[in-house]
Amino acid sequence: NAGVTQTPKFQVLKTGQSMTLQCAQDMNHEYMSWYRQDPGMGLRLIHYSVGAGITDQGEVPNGYNVSRSTTEDFPLRLLSAAPSQTSVYFCASSQAQLAGYTFGSGTRLTVV
Amino acid sequence: KQEVTQIPAALSVPEGENLVLNCSFTDSAIYNLQWFRQDPGKGLTSLLLIQSSQREQTSGRLNASLDKSSGRSTLYIAASQPGDSATYLCAVPYNDMRFGAGTRLTVKP
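Residues numbered from 1 in each chain as written. Chains lettered and ligands numbered in written order. Predicted model: local features only at pLDDT ≥ 70, side-chain atom pairs only at ≥ 80, totals over all residues. Heavy atoms only, no water.

## Some thoughts on the sheet that holds strand β8 (residues 76-78) of chain A
Residues and elements named next belong to chain A.
Item 1. Read across the open sheet, the four strands follow the order β1-β3-β8-β7; overall the sheet is antiparallel. Each of the sheet's edge strands pairs with one partner strand only, and the pair in question is β1 (4-7) and β7 (64-66). Direction aside, neighbouring strands of the sheet carry axes that sit 20° apart on average.
Item 2. Across four bridges, the pairing between β1 and strand β3 (residues 19-25) is antiparallel. In the strand pairing of β3, V4 is matched with Q25. (Pairing = 2+ DSSP bridges. Helix = DSSP H or I, 4+ residues; strand = E, 2+ residues; numbered from the N terminus. Axes fitted to C-alpha atoms, helices over the stretch in contact; angles between N-to-C directions.)

Spelled out as C-alpha cells, the structure:
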C-alpha cells in the first residue's frame, strides 16, 4: 500500500533557485493539501485542492504555487527559494475535506 | 475560529504506566477528530479517527474519547512501552485541518 508518496525526502537549495516537491497518492482521494512544519509553529496549511483542476490558498501561500491536473498528483513549486522556506513539508490526502487525513513521510528542505 | 490545544506539552513516564493525553477545541461543531503519532524526523501516522457521532474509538492499547459538548478529547495509552515514545497530535477539520501543537511523550525503560 503506497498511500501518499513524497519526493525527494531531502533537498538543499540555494537562495533564488526553484524546485518542485512531488506528491502522489493512489487512494483516489479527492482532497489533497500541503503543510509546512516548523519548530514552535506547528503545521500550517500552504495550499489545498478539493479535486482535479481546483486549488486554493491556505494560511501561508506566499512563495509557493500548486496545480492539480490529475487526481493522483499535487506538486508544490517553490518559485524562488528563500531561507525562510527552510522547513519540513508534508503532503496529505483525504476522501473529502472533512474526512480523515493520510500524510506522506515529508520532504526536509534547507535553503542556504 | 477553531483553536486546538494540547496539554501537557511534554510528558515523561516509566514503562508500564497508563497515561492520558488531552486535546481541547474551541468550536464544538466538529465533523470528526483525528489523533496522529509523529516520530522524530518522520511523517504523521494516523492512530484513531472519531466521528462526531461517536464517543470513543479503540485500537489495541489506545483508546480515544470525544466529548463534543465540552470541546475535549482524550487519548488513553494503556501499559505504555518505550516504543510509544513520540509526539502525539490531535486535529479537527475546519476550513482546513487544525492541529494542536502536540504532546511529546517519553516512556522510560
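## Some points on the packing of aromatic side chains
Item 1. Tallied over the full model, the rule gives ten aromatic pairs over all chains.
Item 2. For the ring pair Y35(A) and F103(A), a centre distance of 6.0 Å and an interplane angle of 45° mean the geometry is tilted. Linking Y35(A) in strand β4 (residues 31-38) with F103(A) in strand β10 (residues 101-103), this pair joins segments that are 68 residues apart in sequence.
Item 3. Taking relative accessible area as the criterion, F103(A) reaches 8% and is therefore assigned buried.
Item 4. An aromatic cluster is defined as three or more aromatic residues linked by ring pairs; in this entry it consists of Y31(A), Y35(A), Y48(A), F90(A), Y101(A), F103(A), F36(B) and F99(B).
Item 5. The residue whose ring lies beneath R68(A) is F74(A), and the NZ or CZ to ring-centre distance is 5.9 Å. (Phe/Tyr/Trp six-rings, centres within 6.5 Å; stacked < 30°, edge-to-face > 60°. Buried < 20%, exposed > 50% of the residue type's maximum accessible area, 1.4 Å probe, protein only. Lys NZ or Arg CZ within 6 Å of the ring centre and 35° of its normal.)

## Topic: the pattern of salt bridges
All names here are of chain A.
Item 1. On inspection of all chains with the given rule, the structure shows four salt bridges over all chains.
Item 2. As a salt-bridge pair, D38 and R36 come within 2.8 Å of each other at their nearest N and O atoms. Neither D38 nor R36 differs from the other in exposure class; each is buried.
Item 3. Here R44 makes a salt bridge to D38, at a shortest N to O gap of 2.9 Å. Just as R44 is buried, D38 falls in that class too.
Item 4. Through salt bridges with shared partners, one network takes in R36, D38 and R44. (Salt bridge = Lys/Arg side-chain N within 4 Å of Asp/Glu carboxyl O.)

## As for the layout of surface pockets
Item 1. The volume enclosed by the largest pocket comes to roughly 800 Å³.
Item 2. Taken together, 32 residues line the largest pocket, and the ones lying closest to its centre are Q37(A), Q38(B), P40(B), G41(B) and K42(B).
Item 3. For the lining of the largest pocket, the secondary-structure elements that each account for two or more residues are β4, β9 (87-94) and β11 (107-111) of chain A together with β9 (86-93) and β11 (103-108) of chain B.
Item 4. Size it by volume and the second largest pocket reaches roughly 340 Å³.
Item 5. Lining the second largest pocket are 16 residues; nearest its centre among them are L43(A), E59(A), Q2(B), R98(B) and F99(B).
Item 6. Elements with a contribution of two residues or more to the lining of the second largest pocket: β5 (42-51) of chain A together with β10 (97-99) of chain B.
Item 7. If one sorts the elements of the lining of the second largest pocket by residue count, β5(A) sits on top with four residues. (1 Å grid on protein atoms, 1.4 Å probe; cavity = no way out; pocket = protein on both sides within 12 Å on 5 of 7 lines; lining within 4 Å. Points joined across faces, edges and corners; volume = space filled by probe spheres on them.)

## So, the side chain of Q6(B)
All names here are of chain B.
Item 1. Topologically, Q6 is positioned in strand β1 (residues 4-7).
Item 2. Under the relative-accessibility criterion, Q6 is labelled buried at 8%.
Item 3. Only 3.1 Å separates the side chain of Q6 from the backbone nitrogen of C90, close enough to count as a polar contact.
Item 4. Leaving out residues up to four positions away in the same chain, Q6 has contacts with N22, C23, W35, Y88, L89, C90, G100, A101, G102 and T103. (Polar contact = N/O pair within 3.5 Å; in protein donor to acceptor, adjacent residues only side chain to side chain. Contact = heavy atoms within 4.5 Å.)

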